[in-house]
Amino acid sequence: YGGMGLDFSYNIAVAEELGNIHCAGIPMAIGVQVGMATPALTRFGSHELKKQFLVPTIAGDFVACLGISETGAGSDVSNIKTTAVRKGDEYVINGGKMWITSGSQADWMCLLANTSEGPPHRNKSLICLPMNLPGIHIAKKIDKLGMRSSDTTQIFFEDVRVPCKNLIGEEGKGFTYQMLQFQEERLWAVATALTPMETIIQETIDYTRQRKVFGQPVLHNQTVHFRLAELATEVELLRSLLQRAVALYVEGNDVTKFASMAKLKAGRLTREVTDSCLQFWGGMGFTSEVLVSRFYRDLRLMSIGGGTDETMLSIICKYMDTLPRK
């Protein structure tokens, strides 16, 4: 279908390299295209669906978006309310999605919707939804703290009709498909954060070496250079965890626990690195003229998007069997 046939470790190599872009919005948009909106279609979609949606997406002719989150259901995917009711050979879709990356320019959406009245983990399906259909309303482009180069939208569906053949895989398996995709999404997010953190630390070293306070470079304060050494060590530890998780995943293992651990650590460490380094920049760090302030805003999403820190902790606890039993 136009891909290179490489394993997932190559995705991670690309993701880490994209960290050289001096904003997080562009790597996130690329990540949605190659690692969030398309994996379920790649694994479970029909040949016809792949020809219609996957081929032009891989070629870069189509922009894809992922329709999961809603105003009342972010990390709690099982609580989504959007419905797709089968009528003849079509689904009729009603509801809405929130925080949709690339939503205002997408050609199609990988939509998660309730297709039956069954249990919340078995009543959902994934559907390839062309974004030019009647009844799709892009309400607004959301003004955000960071990731400002990325268009994030709120979208409503009003009696949107889509052919039943646009169903990805089996009806009722959408939640399961989406949980599988989350492993790749979270590992990609971790990889994109490594290079920015290294860049911020190095730029902070360079700046504090030449910035003098009370007659000496800021870097020559033991508190400063010890803290930067500590942060650099933490980044390397996160890279090692990521590489272990990716190696196990490529071998076919379930790495939900390790992916969740890495995502949790990345969310917390990006906040720690950007906050500590910005402090060492002093007043200059509070301006929009330096990279550290941009990453301070952009990388704050790491602890929220793709599953919050708290959600990661819950998943890790589940795999460690520490949660209360009913």
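Nothing here was measured: the structure is a model prediction, and the numbers come from that model. (Residues numbered from 1 in each chain as written. Predicted model: local features only at pLDDT ≥ 70, side-chain atom pairs only at ≥ 80, totals over all residues. Heavy atoms only, no water.)

Novice: Is there a simple way to explain unusual backbone geometry in this structure?
Specialist: When glycine is set aside, most residues are seen to have a negative phi, and most peptide bonds are trans. Phi at Trp99 takes a positive value of approximately 60°, unusual for a residue other than glycine. The topology assignment puts Trp99 in strand β3 (residues 90-101). Positive phi values are uncommon outside glycine, yet Asp159 reaches one of about 50°. By the element assignment, Asp159 lies in strand β7 (residues 152-163). (Helix = DSSP H or I, 4+ residues; strand = E, 2+ residues; numbered from the N terminus.)

Novice: Hey, could you run me through the pattern of salt bridges in this one?
Specialist: Oppositely charged side chains can form a pair if their charged atoms are brought close together. Evaluation of the coordinates by the stated rule reveals 16 salt bridges. Of the charged contacts in the structure, one is a salt bridge between Glu16 and Arg239, with a shortest N-O distance of 2.9 Å. Pair noted here: Glu16 is in helix α1 (residues 8-18) and Arg239 is in helix α6 (residues 222-250), with a separation of 223 residues, a long-range link. One salt bridge connects Arg227 with Glu230, and the closest N-O pair in it is separated by 2.5 Å. Taken together, the residues Arg227 and Glu230, both in helix α6 and three residues apart, mark about one turn of the helix. Judged by relative accessible area, which is 42%, Glu230 ranks as partly exposed. (Salt bridge = Lys/Arg side-chain N within 4 Å of Asp/Glu carboxyl O. Buried < 20%, exposed > 50% of the residue type's maximum accessible area, 1.4 Å probe, protein only.)

Novice: How do you make sense of the UniProt feature "domain: Acyl-CoA oxidase/dehydrogenase middle" (unreviewed entry) in the protein chain when you look at a structure like this?
Specialist: UniProt records the feature "domain: Acyl-CoA oxidase/dehydrogenase middle" (unreviewed entry) at residues 65-160, using the numbering of this structure. Each end of residues 65-160 is marked by a C-alpha atom, and these two atoms are 17 Å apart; helix forms 0% of the span and strand 51%. (UniProt positions renumbered as here; feature names shortened; annotations may be inferred.)

Novice: Where do I start with the pairing of strand β1 (residues 64-67) in this structure?
Specialist: The two faces of a sheet get side chains in turn, since along a regular strand they alternate between them. Both faces of β1 are covered, namely the face carrying Ala64 and Leu66 and the face carrying Cys65 and Gly67. Where β1 and strand β4 (residues 108-114) come together, four bridges link them in parallel fashion. Each residue of the ladder has a partner; that of Cys65, found in β4, is Met109. (Pairing = 2+ DSSP bridges.)

Novice: What exactly am I supposed to notice about the packing of α1 against helix α5 (residues 174-210) here?
Specialist: Packed helix pairs are characterised by how far apart their axes lie and by the angle those axes make with each other. α5 packs onto α1 with a crossing angle of 35° between their chain directions and a minimal axis gap of 6 Å. Considering the relative orientation of α1 and α5, their crossing is right-handed. On the side of α1, the interface is formed by Phe8, Asn11, Ile12, Val14, Ala15, Glu16 and Leu18, while α5 contributes Glu184, Leu187, Trp188, Ala191, Thr192, Leu194 and Thr195. Grouping the amino acids of the contact of α1 with α5 by side-chain chemistry returns nine nonpolar, three polar and two charged. (Axes fitted to C-alpha atoms, helices over the stretch in contact; angles between N-to-C directions. Left-handed = near helix turned anticlockwise from the far one by under 90°. Contact = heavy atoms within 4.5 Å. Nonpolar A, V, L, I, M, F, W, Y, C, P; charged D, E, K, R; others polar.)

Novice: What am I meant to see in the domain arrangement of the protein chain here?
Specialist: By a frequent convention, interface size equals the accessible area lost on bringing the separate parts together. What the domain assignment lists for the protein chain is domain 1 (24-170) and domain 2 (176-320). Computed from C-alpha coordinates alone, the two centres of domain 1 and domain 2 are separated by 29 Å. Surface buried jointly by domain 1 and domain 2 totals about 1,800 Å² across both partners, of which 64% is contributed by carbon and sulfur atoms. Broken down residue by residue, the surface that domain 1 buries against domain 2 is led by Met36, Arg43 and Ser75, which jointly contribute 24%. For the pair domain 1 and domain 2, the interface holds one salt bridge. Salt-bridge contacts for Glu184 lead to Arg43; the nearest nitrogen and oxygen are separated by 2.7 Å. Taken together, the links from domain 1 to domain 2 amount to seven residue pairs in polar contact (both at pLDDT 80 or more). Only α2 (25-35) and α3 (39-44) provide two or more residues apiece to the side of domain 1 that touches domain 2. Counting residues per element, the side of domain 1 that touches domain 2 draws most heavily on α2, which supplies seven residues. (Domains from an automatic or database assignment. Buried area = accessible area lost by both parts, 1.4 Å probe. Polar contact = N/O pair within 3.5 Å; in protein donor to acceptor, adjacent residues only side chain to side chain.)

Novice: I would appreciate a short explanation of the side chain of Thr270 in the present structure.
Specialist: With respect to the helices and strands, Thr270 occurs in helix α7 (residues 256-280). Reaching out from Thr270, the side chain makes a polar contact with the backbone oxygen of Ala266 at a distance of 2.8 Å. The contacts of Thr270, once residues within four sequence positions are left out, are Ala193, Met197, Leu299 and Met302.

Novice: For this particular structure, what's the right way to read the packing of aromatic side chains?
Specialist: Under the defined criterion, the tally for this structure stands at four aromatic pairs. Residues Phe44 and Tyr177 carry aromatic rings whose centres are separated by 3.9 Å and whose planes lie at 15° to one another, so their mutual orientation is stacked. Placement of Phe44 in helix α3 and of Tyr177 in helix α5 is noted, with a sequence separation of 133 residues between them. Residue classification places Phe44 among the partly exposed residues on the basis of a relative accessible area of 28%. Residue Tyr177 is classed as buried on the basis of its relative accessible area, which comes to 6%. Over the face of the ring belonging to Phe182 we find Arg186, whose NZ or CZ atom lies 4.5 Å from the ring centre. (Phe/Tyr/Trp six-rings, centres within 6.5 Å; stacked < 30°, edge-to-face > 60°. Lys NZ or Arg CZ within 6 Å of the ring centre and 35° of its normal.)

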